[in-house]
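Tertiary structure, described
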Amino acid sequence: MLSGQALAERRDQVRQSADLARLLARLSERARPVLERDPIVPPVKALLSSDGGICPRDGSGLLFDPWSPDAHRCPRCGERANGERHHRWWARFQHLWLAERAAHLAAVAAFNGDARAARRAAELLAAYGELYPTYPNSDNVLGPSRPFFSTYLESIWITNLVAAALLLRETNALDDSAGRAMDLIGDESAALIGEFNEGFSNRQTWHNAALAALAVWFEDEELLSGALSGPAGLLAHALQGFAPDGMWYEGENYHLFALRGLLVGLDFVRAADVDPREEVEVSDRVQAALLAPALTALPDGTFPARKDARFGVSLAQPMYLELWEAGRSGDRPGGGLEDWLASLYARPAPPAESFDSYLHESGEPPPRERHRSDLSWWMLLSMPPSIAGEAARWQPPTVFLESQGLAVLRTGGRYVSVESGIHGGGHGHPDRLHLTLHDGGVHWLPDPGTGSYVARDLFWYRSTLAHNAPRVDGRSQPPGDAVAEFFAVAGDWSWVQGRYGDVRRTVVSGPEYLLDVVDLSGDEERLLEVPWHLAGEITVTTPGRWERALLEDEFVTAVERFVPETESPLAVRARVADQQLSLTLAGGELLRATAPGTPGAPPTRFLLCRSRVVPARLVAVLSARDAAEPVRVTADHIEIGTGDQHRQIVDGWQIDGPPGTVRLAGRRVPTTVFEPLVTKQRPYVQEGVARWVDVPPATDGTLDGFDLSEPLTLDHEDQYRRSEEPYPGAEELSATAWANWDDEALYLAVEIVKPELVLRPGDAPPLRLDNEPDDIHSDGLQVYVALPDGGVFAALIVPDEGDARLRVRPVRGAEPADITGDWTLTQSGYLITLAIRLPDWSLRRRGDTLPFDLIVNEMRTGRERRAGQLVWSGRGGWVWLRGDRQPPANFGTLALA
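The present account deals with the structure reproduced in this document. Since the model is a prediction, treat every value here as computed from it, not as a measurement.

Some remarks on the overall build of the chain
- Per the secondary structure count, the chain includes 15 helices and 39 strands.
- A principal-axis box enclosing the C-alpha atoms of the chain has dimensions of 85 × 85 × 55 Å.
- Put simply, of all contacts in the chain between residues at least 6 apart along the chain, 66% involve residues at least 24 apart.
- Carbon and sulfur atoms provide 49% of the accessible area of the chain, an area that totals close to 35300 Å².

Notes on the layout of surface pockets
- There is about 670 Å³ of room inside the second largest pocket.
- What lines the second largest pocket is a set of 22 residues, among which L2, D267, R270, L381 and S382 lie closest to the centre.
- Counting residues per element, the ones that place at least two in the lining of the second largest pocket are α1 (4-16), α10 (252-271), α12 (318-327) and α14 (377-382).
- With 5 residues, α10 is the largest single contributor of residues to the lining of the second largest pocket.
- Taken together, the residues that form the lining of the second largest pocket break down as 10 nonpolar, 5 polar and 7 charged.

Brief notes about helix α7 (residues 202-218)
- Taking 1.5 Å as the rise per residue, α7 with 17 residues should run 24 Å; its terminal C-alpha atoms sit 25 Å apart, in good agreement.
- In terms of residue burial, α7 counts as a mostly covered element, since 16 of its 17 residues are buried.
- Taking the backbone nitrogen of R203 as reference, a side-chain oxygen 3.0 Å away marks S201 as the first, capping residue of α7.
- Just downstream of α7, E219 is the residue with a positive phi angle, here 55 degrees.

Focus: the side chain of S150
- Here S150 lies in the loop between α4 (115-131) and α5 (151-170).
- Those residues in contact with S150 that lie beyond four places of it in its chain are N140, V141, L142, G143, P144 and S145.

Some words on the pattern of salt bridges
- The full count for this structure, using the stated rule, is 67 salt bridges.
- Across the salt bridge formed by R85 and D51, the nearest N and O atoms sit 2.8 Å from each other. One end of the pair, R85, is in helix α3 (residues 84-112); the other, D51, is in the loop between α2 (18-36) and β1 (72-73), and 34 residues separate them in sequence.
- Residue class for R85 comes out partly exposed when judged on its relative accessible area of 23%.
- Between E325 and R372 there is a salt bridge; the shortest N-O distance is 2.8 Å.

What to know about helix α11 (residues 280-296)
- The first and last C-alpha atoms of α11 sit 25 Å apart over 17 residues, in line with the 24 Å expected at 1.5 Å per residue.
- Across the 17 residues that make up α11, a large majority, 13, are buried.

Section: the environment of H438
- Here H438 is to be found in strand β6 (residues 435-439).
- The class for H438 is buried, based on a relative accessible area of 3%.
- Taking the C-alpha atoms as reference points, H438 and P299, separated by 139 residues in sequence, lie 7.3 Å from one another.
- Not counting chain neighbours up to four residues away, the residues in contact with H438 comprise L298, P299, D300, G413, R414, Y415, H443 and W444.

Remarks on the packing of α4 against helix α6 (residues 176-195)
- Two elements in contact, α4 and α6, have axes separated by 8 Å at closest approach and are oriented at 45 degrees. In terms of orientation, α4 and α6 fall into the oblique class. Note on packing geometry: the crossing formed by α4 with α6 is left-handed. Where α4 approaches α6, its residues A122, L125, A126, Y128 and G129 are matched on the opposing element by S177, A178, A181, M182, L184 and I185.

Side note on unusual backbone geometry
- With an omega of -15 degrees, the peptide bond between V614 and P615 qualifies as cis.
- Positive phi, normally seen in glycine, also occurs at N172, with a value near 60 degrees.
- As for its placement among the helices and strands, N172 is situated in the loop between α5 and α6.
- Exposure remark for N172: the relative accessible area of 75% places this residue in the exposed category.
- Its identity as a non-glycine residue notwithstanding, A558 has a phi of 50 degrees, on the positive side.
- For A558, the position within the fold is in strand β16 (residues 557-564).

Calculation criteria
Residues numbered from 1 in each chain as written. Predicted model: local features only at pLDDT ≥ 70, side-chain atom pairs only at ≥ 80, totals over all residues. Heavy atoms only, no water. Helix = DSSP H or I, 4+ residues; strand = E, 2+ residues; numbered from the N terminus. Contact = heavy atoms within 4.5 Å. Areas by Shrake-Rupley, 256 points an atom, 1.4 Å probe, with all protein chains shown as cover. 1 Å grid on protein atoms, 1.4 Å probe; cavity = no way out; pocket = protein on both sides within 12 Å on 5 of 7 lines; lining within 4 Å. Points joined across faces, edges and corners; volume = space filled by probe spheres on them. Nonpolar A, V, L, I, M, F, W, Y, C, P; charged D, E, K, R; others polar. Expected span 1.5 Å × (residues − 1). Buried < 20%, exposed > 50% of the residue type's maximum accessible area, 1.4 Å probe, protein only. Polar contact = N/O pair within 3.5 Å; in protein donor to acceptor, adjacent residues only side chain to side chain. Salt bridge = Lys/Arg side-chain N within 4 Å of Asp/Glu carboxyl O. Axes fitted to C-alpha atoms, helices over the stretch in contact; angles between N-to-C directions. Parallel < 35°, antiparallel > 145°, perpendicular 65-115°, else oblique. Left-handed = near helix turned anticlockwise from the far one by under 90°.

In structure tokens, the structure reads:
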């Protein structure tokens with residue numbers, strides 16, 4: 001991404017820097033296999049599926065080997081798997097790896113004059129120029145793309161191809177065929193990426209980077225301006241996606257991904273002689289973004305697996321090292337980034353992980369130690385010649401990240417965090433007030449993050465029960481934000497108090513122990529539960545016995561309840577090797593059960609403490625001592641065996657102990673919860689009428705008995721959620737619905753105009769694409785009704801040509817209902833009629849309004865995934881990632897008349 005003159009200046013820097021010279025030598029050596037063998041360019045589009053890339057024997061993820069397209073080794077059992085699903089999984093990484101190699105080879109050629117490397121890079125560009133039009137832009141998972149199934153992958157891919165082409169062009173090594181290929185690919189790719197603007201998303205940072213790269217290639221000022229300064233461009237992402245405290249709103253995992261996209265995009269912008277980081281506001285926000293993950297990092301150098309994060313991933317991964325290498329040039333004096341970076345290099349080198357945006361080490365064994373010379377071609381162009389940081393100087397503080405509501409309490413080697421902030425959007429988890437503990441080198445209370453998005457256990461990791469977070473009445477927390485009410489540090493003590501609805505969690509960290517207090521307020525009896533996912537071997541040392549119990553969850557087995565011999569608090573010990581943790585639990589009964597462990601680990605035991613007392617209070621004390629601390633809980637204080645007495649005071653928390661009194665204040669002034677700027681939806685709510693009928697309609701697949709005076713229409717472009725193709729028009733897809741009601745049921749007739757009916761047979765083999773129900777990939781309906789108690793009825797309904805006539809599948813987590821009906825073919829499509837009998841329906845009266853929505857799924861011949869949806873409540877948009885869900889906030893309303 002450098003001009004010819006800038007390349008010449010950089011070559012001088014490389015020659016004069018020992019680190020950069022070693023990097024160039026290492027990159028030249030790594031290029032040799034791609035020069036000596038013809039790399040394999042996949043002729044197929046990548047596929048996301050639940051079985052591709054997964055060992056059929058033990059379920060482990062297969063290893064990506066760029067030189068083995070048809071045999072893929074399992075790292076656990078050693079078996080090799082093959083077949084189309086595995087091959088198309090491999091194609092995803094191969095496409096990305098080849099684009100990286102093209103940039104790698106072009107960079108090597110630009111700095112050492114290797115003509116063979118330049119030719120190979122040009123050959124890869126030319127090969128993709130021939131293949132790109134043959135990859136179908138269909139059946140995508142998240143945005144239009146040809147070689148991939150999601151736009152963000154094409155964006156990552158195209159940034160590397162453009163970098164290769166620019167480097168070749170600036171060194172007069174770009175032949176005509178490679179140049180034409182880049183023009184052809186770039187022209188269509190820019191159109192595909194440009195039309196799928198995701199607003200504020202970690203993926204959109206990469207879309208912006210790709211568009212900036214293509215703008216530089218085509219010397220298109222208008223395209224560059226949009227990618228940089230548009231409403232959801234690079235600058236907006238820098239200043240709105242990253243909060244003032246530096247953290248990306250979706251947590252560390254997506255923070256790191258978005259940050260790389262941002263830095264790559266800004267590098268391309270600088271190639272057009274524009275440097276946004278010269279603006280103080282932008283520079284300060286980027287520096288805060290670089291520092292934020294260092295402040296929240298666990299003592300073992302991994303990032304906490306908050307929200308939809310991968311678990312146990314080291315920040316010393318080379319992809320992450322490159323962020324601080326590329327970004328630290330603007331580090332302020334005393335900012336700490338150089339020391340942080342030095343501390344990461346001082347750690348043992350972690351085995352290389354596979355990332356969509358970094359496959360530099362694929363197929364290579366990990367080094368014992370990580371050096372700057374191990375990094376990728378990008379660093380040859382951008383990292384400073386040397387590093388002056390010292391690992392011993394990096395001492396992260398106790399800190400509160402305002403935007404995340406995340407408190408990190410560090411006491412000696414103990415790391416404690418409490419999440420009392422924003423839910424986190426689509427990647428958020430129902431884990432408000434989750435407690436993490438890392439002490440003595442052991443991750444005692446982890447946040448599990450998320451495993452595979454296409455594995456069934458995704459639903460476990462996205463539940464409250466999978467976290468060390470409180471839940472009420474046996475249900476996962478509804479989406480929402482928590483707030484931190486207090487945070488303060490006083491000498492060896494620190495504390496945080498957060499609130500989520502009626503639940504308050506107080507965590508006090510002292511020199512010898514950790515106190516955790518969870519309170520549920522209210523006048524009515526409710527069930528308060530706090531899971532404890534402790535690492536290691538767990539033993540209850542209090543005398544007592546275990547008996548069978550019930551804890552309803554599809555992922556939970558072997559549930560038992562502890563019956564103590566005394567009424568004193570319960571003592572628990574967890575042990576990992578020579579480290580142990582003592583836990584005292586007071587205020588409730590104790591259960592244990594088996595459930596999925598952290599992603600990749602076998603099922604494990606966890607504990608759960610619960611109480612139905614009004615108001616409920618669950619108290620826990622954790623320490624590294626041999627024995628659990630005695631605890632006595634009274635109405636106004638908590639007494640610990642050390643002699644300390646804890647109590648809430650008006651302005652905070654007070655500890656009275658043998659050394660004296662400690663007061664922890666730090667009341668947080670309520671502030672607006674940070675939210676990234678989002679595209680505003682239209683302000684109106686769709687309204688319709690359900691007509692009373694004295695005699696129930698037949699619901700036999702005809703309109704007999706229906707009052708047809710108040711139709712609900714679905715025939716406008718702004719009611720269509722599209723995939724790759726726009727709305728085909730009302731003649732190809734539209735619907736008219738009629739809603740009636742009486743004391744027994746809500747009646748619905750939906751007449752769909754669709755010349756070609758594409759139904760999924762009930763006995764069809766499973767698609768094994770992802771976690772969504774297969775029946776969304778069929779013509780059919782989705783119906784939603786909000787209930788007075790706050791629940792939602794939702795069902796997926798597909799016409800069936802067998803005896804069942806209609807397949808009705810409740811949406812996961814929705815309330816049940818009794819549904820009967822039938823369907824028939826019509827001259828222009830098909831007609832479905834339904835009787836929906838909802839709980840307490842007889843209590844409905846004329847004049848009531850009913851939150852309601854209706855969706856018509858569209859499937860087309862020859863597709864693997866549905867083509868689109870008509871949505872009665874409107875708002876249009878894209879069909880991807882919708883599944884069978886519809887947010888209640890988007891429902892329209894039916895007036896019962």
